[in-house]
Amino acid sequence: MATGRRSAGLRLCATVFLLDMAFCKGFVEDLDESFKDNRKDDIWLVDFYAPWCGHCKKLEPIWNEVGLEMKNIGSPVKVGKMDATSYSSIASEFGVRGYPTIKLALIRPLPSQQMFEHVQKRHRVFFVYIGGESPLKEKYIDTASELIVYTYFFSASEEVVPEYVTLKEMPAVLVFKDETYFVYDEYEDGDLSSWINRERFQNYLTVDGFLLYELGDTGKLVAIAVIDEKNTSIEHTRLKSIIQEVARDYRDQFHRDFQFGHMDGNDYINTLLMDELKVPTVVVLNTSNQQYFLLDRQIKNAEDMVQFINNILDGTVEAQGGDSILQRLKRIVFDAKSTIVSVFKSSPLMGCFLFGLPLAVISVMCYGIYTADTDGGCAEERYEVSRSDSESRGPTEESKEQEPRSGDALVPTVQGPKDVLEKKKD
């Protein structure tokens, strides 16, 4: 009977294990010839295997767990596996030379103009490599591996690119955004990876704290209209419209150095600048070194804003803030003050407890140290006074009797018990 129960338990465990394996396996797609077309719309992580490969069989349960984990975290990356011996042409396209081989399809090809138009409608910002094999393509692939989580990478032939695109030389890397495109120029734009990191944002954005943090890696200055979106007055809407106009009409002039946008409310800006800005206003931030530029004139139109930006670029407008030691100390004081004020505003009783209790403890400790020093000083003073009095009185009669006479030998006297008792009585 016990043997039967053990057998039933083993069968149950085996069933649970197989169900678990099947559940995990459901998140790994078996790919076939249709993968050529399906991969164009998604990012794929693919295991190319051979049915007879022992290492591939050992990898299978781990690969199933990878598929489950990608699904659980909500990753846009799809996980699949492909029999490289059955679909050797696709495996060769991915450069598969051994088994198992894992490939991440970072760059998706655009085989037709229809597909290109589909991508334009689907993505606000995306990059395209145009041309054949080249050192530039290798750099493009390396950059895609670093920034794939931030933007989209494609490749295409020159025939697929829209007719309005003009290329002076091939190969080329382009970014499509804001209903136009920009071509990478190694001489003017520097490193390809840095250029893609700078250009992965739209030219005009609704800015918040997290986006400002991301823009810090671009090295661009950020011109922000700080407004109250609930306020429909002419002044608020006018400043926002001016920033939008400059971003649109002067993009060729400023897109390498400036990012434009607007922010609702001044709370975050006040914390960043450690100052109180009046709304509406315009502020230009350099998020890479914590410097900022405030308006030194009234902005009536786009031309005034362009002149202000040009003055920033030529150094006429003085930069404020920065990351000097003085500014860092100022930041520490400001953060501490802001924390205390916010605590007392939200909960006065809690503020009194948090800050009053430590102050009370410190006060008691200081008082104890002070009184201990005073008592110790008095004791030492009394000791000194008693010592000086005894010295001023001179030797006693008893001590005189014990002094040796001249010529006598110095012989130590030994006191017996009787002498000790007599002295005690005295």
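The chain is annotated in an unreviewed UniProt entry as Protein disulfide-isomerase TMX3 from Enhydra lutris kenyoni. As its UniProt record puts it under Subcellular location (unreviewed entry), the chain is described as follows: "Endoplasmic reticulum membrane". Recorded under Function (unreviewed entry), the UniProt text for the chain is reproduced unchanged: "Probable disulfide isomerase, which participates in the folding of proteins containing disulfide bonds. May act as a dithiol oxidase. Acts as a regulator of endoplasmic reticulum-mitochondria contact sites via its ability to regulate redox signals."

(A) Broad picture of the pattern of salt bridges. Applying the stated criterion across every chain yields a total of twelve salt bridges. K240 is the partner of E229 in a salt bridge, and the nearest nitrogen-oxygen pair spans 4.0 Å. Highlighted residues: E229 in the loop between β11 (221-227) and α10 (234-249) and K240 in helix α10, separated in sequence by eleven residues. Across the pair R248 and D249 runs a salt bridge, and its minimum N-O distance is 3.1 Å.

(B) Fine view of the packing of helix α6 (residues 135-147) against helix α8 (residues 192-199). It is the contact of α6 with α8, at a shortest axis distance of 9 Å, that shows an interaxial angle of 50°. Relative to α8, the element α6 is oriented oblique. Considering the relative orientation of α6 and α8, their crossing is right-handed. Where α6 approaches α8, its residues L136, K139, Y140, T143, E146 and L147 are matched on the opposing element by L192, S193, I196 and N197. Residue classes in the contact of α6 with α8 are distributed as five nonpolar, three polar and two charged.

(C) Structural context of a nonpolar patch on the surface. A surface patch of nonpolar side chains, amounting to about 330 Å² of accessible area, comprises I325, L329 and I332. Mapped onto the fold, I332 is located in helix α14 (residues 325-346).

(D) Seen up close, the pairing of strand β2 (residues 43-49). For β2, a buried count of six out of seven residues is recorded, marking the element as mostly surrounded by other parts of the structure. Note that β2 and strand β3 (residues 77-83) share seven bridges and pair parallel. Across the sheet, I43 pairs through a bridge with V77, a residue of β3. Bridge count for β2 against strand β4 (residues 101-105) is five bridges, and the pairing is antiparallel. Along β4, the bridge assignment pairs F48 with T101.

(E) Quick peek at the layout of surface pockets. Counted as a void, the largest pocket has a volume near 700 Å³. Along its surface, the largest pocket is lined by 25 residues, and R124, V125, K177, D178 and Q202 are the ones closest to its centre. Elements represented by at least two residues in the lining of the largest pocket include exactly β8 (172-177), β10 (204-206) and α10. Across the lining of the largest pocket, the residue classes break down as ten nonpolar, seven polar and eight charged. If you count residues domain by domain, the lining of the largest pocket takes at least three from each of domain 2 (110-200) and domain 3 (203-323). Its boundaries defined by the atoms lining it, the second largest pocket holds a volume of some 590 Å³. For the second largest pocket, the lining is made up of 21 residues, of which K168, E169, V183, Y184 and D185 are closest to its centre. At the level of elements, α6, β8, β9 (180-183) and α7 (186-189) are the ones that each hand at least two residues to the lining of the second largest pocket. Taken together, the residues that form the lining of the second largest pocket break down as twelve nonpolar, two polar and seven charged.

Reading the values: rules and limits
- Throughout, residues of each chain are indexed from 1 in the direction in which the sequence is written.
- Residue-level local features of this predicted model are given only where pLDDT is at least 70; pairs of side-chain atoms are given and counted only at 80 or more, and the full residue set underlies all totals for whole chains, interfaces and linings.
- The basis for every side-chain value is the complete set of heavy atoms in the structure, and neither hydrogens nor water enter the calculation.
- UniProt positions are given in the numbering used here, feature names are shortened, and annotations may be inferred rather than shown by experiment.
- Should a side-chain nitrogen of Lys or Arg be within 4 Å of a carboxyl oxygen of Asp or Glu, the pair is scored as a salt bridge.
- Only DSSP runs of H or I reaching four residues or more are called helices, and only runs of E reaching two or more are called strands; each is numbered from the N terminus.
- To define axes, lines are fitted to C-alpha atoms, for helices over the stretch in contact only, and angles between the resulting N-to-C directions are given on a 0 to 180 degree scale.
- Roughly parallel refers to an angle under 35 degrees, roughly antiparallel to one over 145, roughly perpendicular to one between 65 and 115, and oblique to any angle outside these ranges.
- Helix crossings fall into two classes, left-handed where the near helix is turned counterclockwise from the far one by less than a right angle and right-handed where it is turned clockwise.
- Between two residues, a contact is recorded if the distance between any of their heavy atoms is within 4.5 Å.
- Side-chain classes follow a simple rule in which Ala, Val, Leu, Ile, Met, Phe, Trp, Tyr, Cys and Pro form the nonpolar group, Asp, Glu, Lys and Arg form the charged group, and the remainder, Gly included, forms the polar group.
- What goes into a patch is any residue over 30% in relative accessible area without a salt bridge, connected to like charges within 9 Å or, for nonpolar side chains (Val, Leu, Ile, Met, Phe, Trp, Tyr), within 5 Å.
- Areas reported here follow the Shrake-Rupley algorithm with a probe of radius 1.4 Å; residue values treat only the protein chains shown as occluding.
- Under the scheme applied here, a residue whose accessible area is under 20% of the maximum for its type counts as buried, over 50% as exposed, and between as partly exposed, the area being computed with a 1.4 Å probe on protein chains only.
- Should DSSP find at least two bridges between two strands, the strands are taken to pair.
- Points on a 1 Å grid, built from protein atoms alone, make a cavity when a 1.4 Å probe fits but cannot get out and make a pocket when they are open with protein on both sides within 12 Å along at least 5 of 7 lines; residues with an atom within 4 Å of a point are the lining residues.
- Grid points are joined across faces, edges and corners, and a volume is the space filled by probe spheres set on the points.
- These domain boundaries are the output of an automatic or database domain assignment.

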